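What follows is each chain in one-letter form.
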There are 2 protein chains.
Amino acid sequence: MQYVTIKDIARALNVSVATVSRAFNDKYDIKKETRELILEKARELGYKPNPIARKLLQKHSYNVGVIVPEFINSFFPEVIIGIQQVFLEKGYQVIIMQSNESAETELENLISMENNMVEGLLISLSKDTRNMDYLEQLNRDRFPVVLFNRVNETLPVSKVVFNDYKWALFATEHLIEQGYKKIFHLSAPRCLTLSKNRINGFKKALEKHRLPCSEAQIIETGILIEDGERVMEQLISSGNVPEAIFATNDPCALGAMKALKKHGYKIPGDIGIVGFSNSKMTEIVEPSLTSVAQPTTEMGKIAARLLLEQITGTGNADPKTILMEGSLIVRNSSIREKQS
Amino acid sequence: MQYVTIKDIARALNVSVATVSRAFNDKYDIKKETRELILEKARELGYKPNPIARKLLQKHSYNVGVIVPEFINSFFPEVIIGIQQVFLEKGYQVIIMQSNESAETELENLISMENNMVEGLLISLSKDTRNMDYLEQLNRDRFPVVLFNRVNETLPVSKVVFNDYKWALFATEHLIEQGYKKIFHLSAPRCLTLSKNRINGFKKALEKHRLPCSEAQIIETGILIEDGERVMEQLISSGNVPEAIFATNDPCALGAMKALKKHGYKIPGDIGIVGFSNSKMTEIVEPSLTSVAQPTTEMGKIAARLLLEQITGTGNADPKTILMEGSLIVRNSSIREKQS
DNA sequence: TTGTAGGCGTTATCAC
DNA sequence: GTGATAACGCCTACAA
């Protein structure tokens, strides 16, 4: 790709490479005419500075990397928008890669990010990720890393997470307040920290209100519409339909709703539903879906600022965990007339 | 970030840098013991090869870039999955950037991609993009570029597009066959080629069936739920409600549906609706939404293969345009009992 | 104002 | 098997 170099220009003009170089970095003294002559020639030959060579000297790539497990759901795209807002403003470019929920691809992404000399990394772990060796090594080498949303408990780096426990508890309590008693939780893969926290919040709410709480009420489902649909179909065909469902995210809730409606169940009459992440679809579906709103773009901004602090060396270097709060948006899928 | 170099290792072990280098690239002869000694020392010092320096010699980055305008809608994420499938398999990493529908950010992305030495570029243009100078220059320099979905007519590079004209025509004809007469089209920004094609297909269908076809029936709307909702609200409040709507994408159609339902219109009784892109939501909403299915992931794969051909220099170098076909998935939002 | 020369970290081609 | 040394493309003291 790179054919023309400053040498070619220098040769063509019978000047030294240093002069040519200076013509492009105008902090040096250089005669206006030679300068223009050089720029002219450069244009003629189609010269473009080789960024690789430049980076070998200056140790600044002004790149940061973001690795997310997927962007089929709207959650991560929204977070990324926040990340970009912060970094573009500071002159950094954001390189995005997706691991496709595969630990293997994630590792490849990680290595590739390093090869591209990113100055810092924002990661949301894939659901398959168990091995933290590479990230641990990176962290030991004092490479700036911030985890968000899908985090690992043990890695001593800064993290930005949602208060999943609390809002799972609130969401479940809301269902309880509506008079639902047999409540199930459709969970994301249990290996994720956020799943554990939501499960714990769910359990706590049931306990607090002295409702039955068995492991059978927590069903590892997935995060796609199809997952919610499949699990709900199973529950229906096994005759084990709950009175209410707290789903780990909106697509999962929507899938469950789809199956329920297909089989003639009335929502919220027969069964109440609450989702998570307050996606656009909550207001499109009928009945509209009650959901926990998460500040996605804000989460991106906060994670980005945390990383920026590490990169620029400003602020406290100690890893911190930011716990973000949200709100429960109550819509029709969960409002049952109180039995008096 | 990069502190330890092969020089440090060489000094520490009293060997030459050449030997150290050889220890890492095992295609050369080197005594096993020295080799292990070096690797050991490298681990001890925390040495990592500098990929930048390496790239200066070998001109291969094994990176390709993808620039998309947004990934809030599921369309581009699905395309990207196809792109990744092709490139990961061939050992390339895919760098994703999003222009956020801004021509300025797109240009920054473009420059940044070059700085990261991608070997080729897949681009779907932002809706603001007018100036093609940079891309034209890139193309003149024989840099591999493939445009997909959001393309520019004049740029002589390979393109992968959907047959928007034909499927817009089919979608509109479907509404006509259902007996709808006053049909409106909610369009994406008109500057996009795909908008123009869909508009032309829409017009052609009306013409063919001798239905009225004025400019007022084509409303530049946008591509988000909010856009469809806003435009439909305006139509309703101005009393100018059509019998059917062909929307440029599903979110836009869903937004229109939301407004219509809110005001008590019956779908498909009072008004029929067809969307575009067959997103997951089509089956969640009530009534389910008729939509044109596009082979998104397949589009990504094809674009990726086209780019790969250019990068590796295999295949014909002439720019070609691949026209992709889809299908109309008829659901409830557009099925009216035939008037007899 | 311009040229010379050394260096960034690595690989590759020579010798030895 | 190993060590010099010259590249890769660019920048920058230092000299001239």
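A quick note: this is a predicted structure, and the numbers were derived from the prediction, not measured.

### A word on the domain arrangement of chain A
On domain assignment, one finds that chain A holds domain 1 (6-49), domain 2 (61-161 + 296-324) and domain 3 (164-294 + 328-334). The straight-line distance from the C-alpha centre of domain 1 of chain A to that of domain 3 of chain A is 66 Å.

### Description of the packing of helix H6 (residues 103-115) of chain A against helix H7 (residues 133-140) of chain A
All names here are of chain A. Put simply, H6 and H7 touch, their axes get as near as 10 Å, and they point 25° apart. Of the possible angle classes, the one that applies to H6 and H7 is roughly parallel. When H6 is examined against H7, the residues Leu107, Leu110, Ile111 and Glu114 are found in contact with a partner set consisting of Tyr134, Leu135 and Leu138. Considering only residue class, the contact of H6 with H7 consists of 6 nonpolar, no polar and 1 charged.

### Topic: the UniProt feature "domain: HTH lacI-type" (unreviewed entry) in chain A
In this structure's numbering, the residues bearing the UniProt feature "domain: HTH lacI-type" (unreviewed entry) are residues 4-58 of chain A. Segment residues 4-58 of chain A splits into 67% helix and 0% strand. End C-alpha atoms: 21 Å apart.

### Quick look at the protein's contact with DNA strand D
The local shell around DNA strand D holds 30 residues, among which Tyr47 of chain A together with Thr19, Arg22, Lys31 and Leu57 of chain B are the closest. Of everything in DNA strand D that lies within 4 Å of the protein, sugar and phosphate atoms constitute 66%. With respect to DNA strand D, the side chain of Arg54 of chain A contributes an N or O atom lying 2.8 Å from a phosphate oxygen. Measuring from a phosphate oxygen of DNA strand D, one finds a side-chain N or O atom of Thr34 of chain B at 3.1 Å. Those elements giving two or more residues to the surface near DNA strand D turn out to be helix H1 (6-13), helix H2 (17-24) and helix H4 (51-57) of chain A together with helix H2 (17-24) and helix H4 (51-57) of chain B.

### Focus: the side chain of Ser124 of chain A
Residue and element names in this part refer to chain A. Within the secondary structure, Ser124 is located in the loop between strand S3 (121-123) and H7. Polar side-chain contacts of Ser124 include one of 2.8 Å to the backbone oxygen of Phe148. Aside from chain neighbours lying at most four places away, what touches Ser124 is Ile67, Val68, Pro69, Phe76, Glu106, Phe148, Asn149 and Arg150.

### Considerations on helix H12 (residues 296-312) of chain B
Residue and element names in this part refer to chain B. Over its 17 residues, H12 runs 24 Å from end to end, which matches the ideal 24 Å to within 8%, given 1.5 Å per residue. All of the buried residues along H12 are Thr296, Met299, Gly300, Ile302, Ala303, Ala304, Leu306, Leu307, Leu308 and Ile311. Looking at the buried positions of H12, the neighbouring elements they touch are strand S1 (63-68), helix H5 (75-89), strand S3 (121-123), strand S4 (145-148), strand S5 (158-162) and strand S11 (321-324). Directly after H12, the chain includes Gly313, whose backbone phi takes a positive value near 75°.

### Observations concerning the pairing of strand S5 (residues 158-162) of chain A
All names here are of chain A. Among the 5 residues of S5, 5 are classified as buried, and the element is accordingly described as predominantly covered. Residues Ser158, Val160 and Phe162 of S5 are buried on one face, and the alternating residues Lys159 and Val161, pointing to the opposite face, are buried as well. Pairing between strand S4 (residues 145-148) and S5: 3 bridges, direction parallel. Following the sheet pairing, Val146 is matched in S5 by Ser158. Pairing of S5 with strand S11 (residues 321-324), which is carried by 4 bridges, proceeds in the parallel orientation. What sits directly across from Phe162, in S11, is Met324.

### What about the interface of chain A and chain B?
Each partner contributes residues to the interface: chain A has 49 residues there, and chain B has 50 residues. Contact between chain A and chain B buries roughly 4,800 Å² in total, counting both sides, with carbon and sulfur atoms accounting for 61%. Here chain A is connected to chain B by 10 salt bridges. The shortest N-O distance in the salt bridge between Glu114 of chain A and Lys48 of chain B comes to 3.3 Å.

### With respect to the pattern of salt bridges
With the rule as written, the count across this model stands at 36 salt bridges over all chains. Salt-bridge contacts for Asp8 of chain A lead to Arg11 of chain A; the nearest nitrogen and oxygen are separated by 3.5 Å. Of the two residues, Asp8 of chain A and Arg11 of chain A are both situated in helix H1; the distance of 3 residues between them amounts to about one turn of the helix. Taking the relative accessible area as the measure of exposure, Asp8 of chain A reaches 24% and is therefore partly exposed. Salt-bridge contacts for Glu286 of chain B lead to Lys261 of chain A; the nearest nitrogen and oxygen are separated by 2.5 Å. Here Glu286 of chain B is found in the loop between strand S9 (272-276) and strand S10 (290-293), whereas its partner Lys261 of chain A is found in helix H11 (residues 250-262) on a different chain.

### As for the relation of the copies chain A and chain B
Mapping chain A onto chain B leaves a residual RMSD of 0.1 Å; the transformation is a rotation of 180° accompanied by 0.1 Å of translation along its axis. A rotation of that kind, with that shift, is consistent with a two-fold axis. By residue overlap, the copies meet face to face through one surface: 100% of the interface positions of chain A are interface positions in chain B.

### Considering the nonpolar core
What tends to happen in soluble globular proteins is that the nonpolar side chains get buried as a cluster. Judged by nonpolar contacts, the single largest core of 94 residues is most densely connected at Phe87 and Phe148 of chain A together with Phe87 and Phe148 of chain B. Apart from residues lying up to four places away in sequence, Phe148 of chain B is in contact with Val66, Val68, Phe76, Val79, Ile83, Leu122, Ile123, Ser124, Val160, Met299 and Ala303 of chain B. In this structure, Ile236, Ile245 and Met257 of chain A together with Ala253 of chain B belong to the second largest nonpolar core, which totals 50 residues.

### Looking at the side chain of Thr19 of chain A
Residue and element names in this part refer to chain A. For Thr19, the location among the structural elements is in helix H2. Thr19 gets classed as buried once you look at its relative accessible area, which sits at 19%. A polar atom in the side chain of Thr19 sits 3.0 Å from the side chain of Ser16.

How each quantity is defined
Each residue is numbered by its place in its chain's sequence as written, counting from 1. Chains and ligands are labelled sequentially in the order written, the chains with letters from A and the ligands with numbers from 1. Only residues with pLDDT of at least 70 get local features here, since the model is predicted, and only at 80 or more are side-chain atom pairs given and counted; chain-wide, interface and lining totals rely on the full set of residues. As a rule here, side-chain values cover all heavy atoms of the structure and leave hydrogens and water aside. These domain boundaries are the output of an automatic or database domain assignment. Here an axis means a line fitted to C-alpha atoms, over the contact stretch when the element is a helix, while the angle between two N-to-C directions is reported on a 0 to 180 degree scale. Strands are runs of DSSP state E lasting at least two residues, helices are runs of H or I lasting at least four, and both sets are numbered from the N terminus onward. Relative orientations are named as follows: roughly parallel for angles under 35 degrees, roughly antiparallel for angles over 145 degrees, roughly perpendicular for angles from 65 to 115 degrees, and oblique for any other angle. Contacts are residue-level and defined by heavy atoms, with any inter-residue pair within 4.5 Å sufficient. Basically, the charged four are Asp, Glu, Lys and Arg, the nonpolar ten are Ala, Val, Leu, Ile, Met, Phe, Trp, Tyr, Cys and Pro, and anything else, Gly included, counts as polar. UniProt positions are given in the numbering used here, feature names are shortened, and annotations may be inferred rather than shown by experiment. One heavy atom within 4 Å of a molecule or strand is enough for the residue carrying it to be called near that molecule or strand. The term polar contact refers here to a pair of N or O atoms within 3.5 Å; inside protein, the definition further demands a hydrogen-donor-capable atom paired with an acceptor-capable atom, and it admits residues adjacent in sequence only when both atoms are side-chain atoms. The span one expects for a helix is its residue count, reduced by one, times 1.5 Å. When a residue's accessible area, from a 1.4 Å probe over protein chains only, is under 20% of the maximum for its type it is buried; when over 50% it is exposed; and in between it is partly exposed. Strands qualify as paired when DSSP identifies two bridges or more between them. Defined in terms of a 1.4 Å probe, buried area is the accessible area two parts forfeit on being brought together, summed over both. What counts as a salt bridge is simple: a side-chain nitrogen of Lys or Arg found within 4 Å of a carboxyl oxygen of Asp or Glu. A residue counts toward the fit only if its pLDDT is at least 70 in both copies, and the copies are then superposed by least squares on the C-alpha atoms of those residues. Definition of nonpolar core: a set of buried residues of the types Ala, Val, Leu, Ile, Met, Phe, Trp, Tyr and Cys, connected through side-chain atoms within 4.5 Å.

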